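# Observations on the model geometry
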2 protein chains.
Amino acid sequence: MSPTPARITAVDTHDIRFPTSRELDGSDAMNPDPDYSAAYVVLRTDAADGHEGHGFAFTIGRGNEVQVAAIDALRGHLLGRDLDALCADPATLNRDLIGDSQLRWLGPEKGVMHMAIGAVVNAVWDLAAKRAGLPLWRLLAEAEPEWLVGQIDFRYLTDALTPEEALALLRRGREGAGERTARLLERGYPAYTTSPGWLGYDDAKLTRLAARAVADGFTQIKLKVGADLDDDIRRCRVARAVIGPTVRMAVDANQRWDVDEAIRWTKALAAFDPYWIEEPTSPDDILGHAAIRRAVAPVKVATGEHVHNRIVFKQLLQAGALDVVQIDAARVGGVPENLAILLLAAKFGVPVCPHAGGVGLCELVQHLSMFDYVALTGTTEDRVIEYVDHLHDHFLDPVVIRQGHYTAPTAPGFSAALRPEALARYTYPGGEFWAADLDATKKGHAA
Amino acid sequence: MSPTPARITAVDTHDIRFPTSRELDGSDAMNPDPDYSAAYVVLRTDAADGHEGHGFAFTIGRGNEVQVAAIDALRGHLLGRDLDALCADPATLNRDLIGDSQLRWLGPEKGVMHMAIGAVVNAVWDLAAKRAGLPLWRLLAEAEPEWLVGQIDFRYLTDALTPEEALALLRRGREGAGERTARLLERGYPAYTTSPGWLGYDDAKLTRLAARAVADGFTQIKLKVGADLDDDIRRCRVARAVIGPTVRMAVDANQRWDVDEAIRWTKALAAFDPYWIEEPTSPDDILGHAAIRRAVAPVKVATGEHVHNRIVFKQLLQAGALDVVQIDAARVGGVPENLAILLLAAKFGVPVCPHAGGVGLCELVQHLSMFDYVALTGTTEDRVIEYVDHLHDHFLDPVVIRQGHYTAPTAPGFSAALRPEALARYTYPGGEFWAADLDATKKGHAA
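What counts, and where the lines are drawn
- Residues numbered from 1 in each chain as written.
- Chains lettered and ligands numbered in written order.
- Predicted model: local features only at pLDDT ≥ 70, side-chain atom pairs only at ≥ 80, totals over all residues.
- Heavy atoms only, no water.
- Helix = DSSP H or I, 4+ residues; strand = E, 2+ residues; numbered from the N terminus.
- Rg over C-alpha atoms; globule rule 2.2 N^0.38 Å.
- Buried < 20%, exposed > 50% of the residue type's maximum accessible area, 1.4 Å probe, protein only.
- Contact = heavy atoms within 4.5 Å.
- Pairing = 2+ DSSP bridges.
- Least-squares fit on C-alpha atoms with pLDDT ≥ 70 in both.
- Axes fitted to C-alpha atoms, helices over the stretch in contact; angles between N-to-C directions.
- Buried area = accessible area lost by both parts, 1.4 Å probe.
- Salt bridge = Lys/Arg side-chain N within 4 Å of Asp/Glu carboxyl O.
- Polar contact = N/O pair within 3.5 Å; in protein donor to acceptor, adjacent residues only side chain to side chain.
- Nonpolar A, V, L, I, M, F, W, Y, C, P; charged D, E, K, R; others polar.
- Phe/Tyr/Trp six-rings, centres within 6.5 Å; stacked < 30°, edge-to-face > 60°.
- Lys NZ or Arg CZ within 6 Å of the ring centre and 35° of its normal.
- UniProt positions renumbered as here; feature names shortened; annotations may be inferred.
- Domains from an automatic or database assignment.
- Parallel < 35°, antiparallel > 145°, perpendicular 65-115°, else oblique.
- Left-handed = near helix turned anticlockwise from the far one by under 90°.

## Re the overall build of chain A
Along chain A, the regular secondary structure elements total 19 helices and 12 strands. Relative to its length of 447 residues, chain A is compact, with a C-alpha radius of gyration of 21 Å against a globular reference of 22 Å. Oriented by its inertia axes, the alpha-carbon framework of chain A measures out at about 75 × 65 × 45 Å. Burial statistics for chain A: of 447 residues in total, 63% are counted as buried. Within chain A, contacts between residues separated by at least 24 positions form 74% of all contacts whose residues are at least 6 apart in sequence.

## Some remarks on the pairing of strand 3 (residues 53-59) of chain A
All names here are of chain A. The buried fraction of strand 3 is high, at 7 of 7 residues. Bridge analysis of strand 2 (residues 37-45) against strand 3 gives 7 bridges, and the strand direction is antiparallel. Paired with Tyr40 across the two strands is Phe56, which belongs to strand 3.

## Digging into the environment of Pro5 of chain A
Here Pro5 of chain A lies in the segment before strand 1 (8-17). Counting along the chain gives 395 residues from Pro5 of chain A to Val400 of chain A, while the straight-line C-alpha distance between them is 37 Å.

## Thoughts on the environment of Ala290 of chain A
Residues and elements named next belong to chain A. Tracing the backbone through its elements, the reader meets Ala290 in helix 14 (residues 286-296). Given the relative accessible area of 4%, Ala290 is considered buried. Residues Ala290 and Val301 lie 11 residues apart in sequence; the distance between their C-alpha atoms is 8.8 Å. Not counting residues within four places of it along the chain, the set of residues in contact with Ala290 comprises Ala319, Gly320 and Ala321.

## Here we look at the environment of Arg75 of chain A
Residue and element names in this part refer to chain A. Inspection of the secondary structure puts Arg75 in helix 2 (residues 75-78). Residues Arg75 and Thr13, 62 residues apart in the sequence, show an inter-C-alpha distance of 9.9 Å. The contacts of Arg75, once residues within four sequence positions are left out, are Val11 and Thr13.

## Some thoughts on the relation of the copies chain A and chain B
Superposing chain A onto chain B requires a rotation of 180° together with a translation of 0.0 Å along the rotation axis, leaving an RMSD of 0.0 Å. Here the copies are linked by what is in effect a two-fold axis. Relative to the rotation axis, the closest C-alpha in chain A is found at Gly111 of chain A, a distance of 2.3 Å. Mapped onto chain B, 100% of the interface residues of chain A are again interface residues, and the two copies thus contact each other with one and the same surface.

## A few points about the sheet that holds strand 2 of chain A
Residues and elements named next belong to chain A. Strand order across the open sheet formed by 3 strands is 1-2-3, with antiparallel pairing between neighbours. With one partner strand each, in any of the chains shown, strand 1 and strand 3 form the two edges of the open sheet. The mean angle between the axes of side-by-side strands here comes to 15°, regardless of whether they run parallel or antiparallel. Note that strand 1 and strand 2 share 9 bridges and pair antiparallel. The partner of Arg17 across the bridge, within strand 2, is Ser37. Seen against the sheet, helix 1 (residues 64-72) touches strand 1, strand 2 and strand 3 and runs at an angle of roughly 175° to strand 1.

## Overview of the interface of chain A and chain B
Taken together, the contact pairs 60 residues of chain A with 60 residues of chain B. For the pair chain A and chain B, the summed buried area comes to about 5100 Å², and 54% of that belongs to carbon and sulfur atoms. Contact with chain B buries surface across chain A, with Arg62, Gln102 and Trp105 of chain A losing the most and accounting together for 18% of the total. Measuring nitrogen to oxygen at the nearest pair gives 3.0 Å for the salt bridge that ties Asp284 of chain A to Lys110 of chain B. Counting across the chain A and chain B interface gives 36 residue pairs in polar contact (both at pLDDT 80 or more). Broken down by class, the residue content of the side of chain A that touches chain B amounts to 26 nonpolar, 18 polar and 16 charged.

## Details of the packing of aromatic side chains
Evaluation of the coordinates by the stated rule reveals 30 aromatic pairs over all chains. Here the aromatic rings of Phe433 of chain A and Trp434 of chain A are separated by 5.0 Å at their centres, their planes lie at 90°, and the arrangement is edge-to-face. Considered together, Phe433 of chain A and Trp434 of chain A belong to a single accessibility category, that of buried residues. Aromatic side chains Phe218 of chain B and Tyr387 of chain B sit 6.2 Å apart centroid to centroid with 10° between the ring planes, which places their arrangement in the stacked category. Residue Phe218 of chain B is located in the loop between helix 11 (203-215) and strand 5 (220-224), and its partner Tyr387 of chain B is located in strand 10 (residues 385-387); the two are separated by 169 residues in the primary sequence. Taken as a pair, Phe218 of chain B and Tyr387 of chain B share a single burial class, namely buried. Members of the aromatic cluster, joined through ring pairs, are Phe18, Tyr426, Tyr428, Phe433 and Trp434 of chain A. The side chain of Arg155 of chain A reaches across the aromatic face of Tyr156 of chain A, ending 5.7 Å from its centre. Positioned above the aromatic ring of Tyr201 of chain A is the side chain of Lys205 of chain A, whose terminal nitrogen or guanidinium carbon lies 4.0 Å from the ring centre.

## As for the UniProt feature "domain: Mandelate racemase/muconate lactonizing enzyme C-terminal" (unreviewed entry) in chain A
Feature annotation in UniProt assigns "domain: Mandelate racemase/muconate lactonizing enzyme C-terminal" (unreviewed entry) to the following positions: residues 203-299 of chain A. Secondary structure within residues 203-299 of chain A divides into 52% helix and 15% strand; the distance between the first and last C-alpha atoms comes to 24 Å.

## A few points about the sheet that holds strand 1 (residues 8-17) of chain B
Residue and element names in this part refer to chain B. Pairing is antiparallel across the open sheet formed by 3 strands, whose spatial order is 1-2-3. In the strand order of this sheet, the two ends are held by strand 1 and strand 3 (53-59), each with one partner. Along the sheet, successive strands turn relative to each other by an average axial angle of 15°, direction set aside.

## A look at the side chain of Thr281 of chain B
One can find Thr281 of chain B in the loop between strand 7 (274-278) and helix 14 (286-296). Taking the relative accessible area as the measure of exposure, Thr281 of chain B reaches 0% and is therefore buried. Among the polar contacts listed, one links the side chain of Thr281 of chain B to the backbone oxygen of Trp257 of chain B, at a separation of 2.7 Å. Apart from residues lying up to four places away in sequence, Thr281 of chain B is in contact with Tyr156 of chain A together with Gln255, Trp257, Asp258, Val259, His289 and Ile292 of chain B.

## Considerations on the domain arrangement of chain A
Residues and elements named next belong to chain A. Looking at chain A, the domain boundaries give domain 1 (8-135) and domain 2 (177-421). Between the C-alpha centres of domain 1 and domain 2 the distance comes to 23 Å. Tallying the contact residues gives 36 residues for domain 1 and 44 residues for domain 2. A combined buried area of about 3200 Å² lies between domain 1 and domain 2, and 66% of that area is made up of carbon and sulfur atoms.

## Brief notes about the pattern of salt bridges
This model, assessed by the stated rule, comprises 62 salt bridges over all chains. For the salt bridge of Lys222 of chain B with Asp252 of chain B, the shortest nitrogen-to-oxygen distance reads 3.6 Å. Pair noted here: Lys222 of chain B is in strand 5 and Asp252 of chain B is in strand 6 (residues 248-252), with a separation of 30 residues, a long-range link. Pair check on accessibility: Lys222 of chain B and Asp252 of chain B agree, each one buried. A single salt-bridge network, built from bridges that share partners, covers Lys222, Lys224, Asp252, Glu278 and Glu386 of chain A.

## Brief notes about the packing of helix 13 (residues 259-269) of chain A against helix 14 of chain A
Residues and elements named next belong to chain A. Their axes nearest at 9 Å, the elements helix 13 and helix 14 cross at an angle of 30°. Taken together, the axis directions place helix 13 and helix 14 in an arrangement best described as roughly parallel. In the packing of helix 13 onto helix 14, the handedness of the crossing is right-handed. Across the interface between the two elements, Val259, Ala262, Ile263, Thr266 and Lys267 of helix 13 pack against Gly288, Ala291, Ile292, Ala295 and Val296 of helix 14. Residues that form the contact of helix 13 with helix 14 fall into these classes: 7 nonpolar, 2 polar and 1 charged.

Next comes the structure, spelled out in structure tokens:
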């Protein structure tokens, strides 16, 4: 008699919100007062190992309950799944989720519903990596290329990237992977920091944090721009004076501009040698990014944190619309769609510098860049992962930055798990923090 | 003392699902078993006139509860709004909804959250038209061009269409509007019918319904394709034989193909003289549509029902990617975003043939095409509104088709209101139909 196979027995969701707007951490031209939040999901099983799969979509406050509702809508696809079969071939779940024609209408493959798919798919990969006893980057880097290709949905990509081309890229990427793994474990992966550059900070704080960034070993910082040109010129001047001519300084407009305005504004900042202009306009505007890139060179154009799927990335690359691909671990449909995007970038020879920050985006995305280095492109040249130094303490396996580098995680999984204390305190609206806060607001109104 | 101004006092939401999957109405290559549904919203006020504003997002079943949750998330922006001020300038609400930076993160301007904005914005325009005592098409056609331009969000459009160009188009469009209004009231607006062509129908039903369409005065029909090429060839042959050489026959692949496959498949059907190929690939693939269009001419390329906002339509036009713009009344951010798309199409000289069907999409979108005819492009040449003959009975002001034409609505408003009986019967899961259905399922399992 064979034993009963282990299955997914519960899909728990949590509405987690951190009150970041009170400190102006994370303020930019488009997002003046974000409360960094996570629609958080935990997959539980009846396996003897006790492992859980953790994943989340990142939002910035209001509407996080809608994101949670979207994850709840996927529960029926998860409950009762055979765990061995799922972890051996997560693509079976992907096909069911992306292929659910009724849910597909709500996108397709974009917005709240697609981010929900990303959250649960990432949770499955977290679980698979834990069961394999490997950090996710290592599971990916050591996987058979044929198996990895089988995990990817090539629909709508084959005019730019076929499965055969992907397989060739992955096979070539594996050459020398052992040496690169050793180097990665020793040195880590280069990071850049956005911490000095939030729009809500005054010049003194900008100066202090930019100086600290250089002292800490970062070779690139980033400044938010786009609200007021005179302010931006002053802040770029201040930052450049602090960091000197060789440290790279990226600027980020967070989609604030139309095409012509993006070109004018970027040129007005060119005297301070910005390395890239990030999100100069709508993330949907492929042709707009191409026009901006032609006009502002040698300033590079970067985008991707709001690009909603592989099909838009494909076109940004086909149109020659960007110099830097900024994947986000929790915007698209999880690990397999990000693998497709990494492969597209590799084919077109464009470096990937992930978006991070938020809640846990650094924790997740480091795994993808480390895989890219070890087993796909084989290089970290012109590649850096964004780093923002808040909210990491709430994670069980937080990122560790040393001398401007992400240290390679060694704990099994995708580093996605929040501490139980964080769930208890920041669940909205019933957690300790919010209950007290809402109570104080009520009393304030009564007084 | 001035009287207390009337305000919005309630935002009621309803999860409405019609069990259309039981009849295979609406089946296509991507959507085999849709339960046509609406996340339905009613704005109530304390005005003495008793008018309500009705709007909805259309979905096809599962996930409709997520769409309802997204509308609920907008409630705070609506409750307490001064009614006179809101109806005099609905753009104030639009700016608050689109500009809510925390909600914006969930898109931006795409997917569930954007469709929720469309639903409530359309409800406001329904209310404004009722208060003005005009059907919406007439309110739009008689509005001052300056005011209309002020309703539109030109963000991310100005490289293709400026407010000044829009104003010029609207001013020119008004010339002769009185005569066209009279002609519209007399003849109606041309329609085409998709009713014969659902993928689940056999050849006999296709033959019967195609013959009836021609007898009913339609000059264009549409067939769903994309599941099996041999079937499609047979069905196109059957349909063409029934309708003869002069009635137009469009084909619709519902996003089934990659670029190369779309080209091969469309060419294989070219012998039957399809008028357009609709949704040949992903709605996000602007460059893909452009490549397909270059390859399959003289077959025209049509898309739009899943295009999520004006920025993608802008690029489809800039890239020369389509011959026919298919707006949808309930996918984008409501009336003002559709005005922007109509203006873009007018500027680029591309005809608009709206997507309709679903739940109430015919009822809504007729108003937009009639405005386009009366007060923007001034023509119905090569323009037809999709017509599907189901679910109209559930509406208080259903569309009326005569001799293949939509009759111009005369009742004030946007024709968006469902009958109270429909709400009582098809609310999910508590309405009469679903309660009985779920009960029967339970008993079936128990038996």
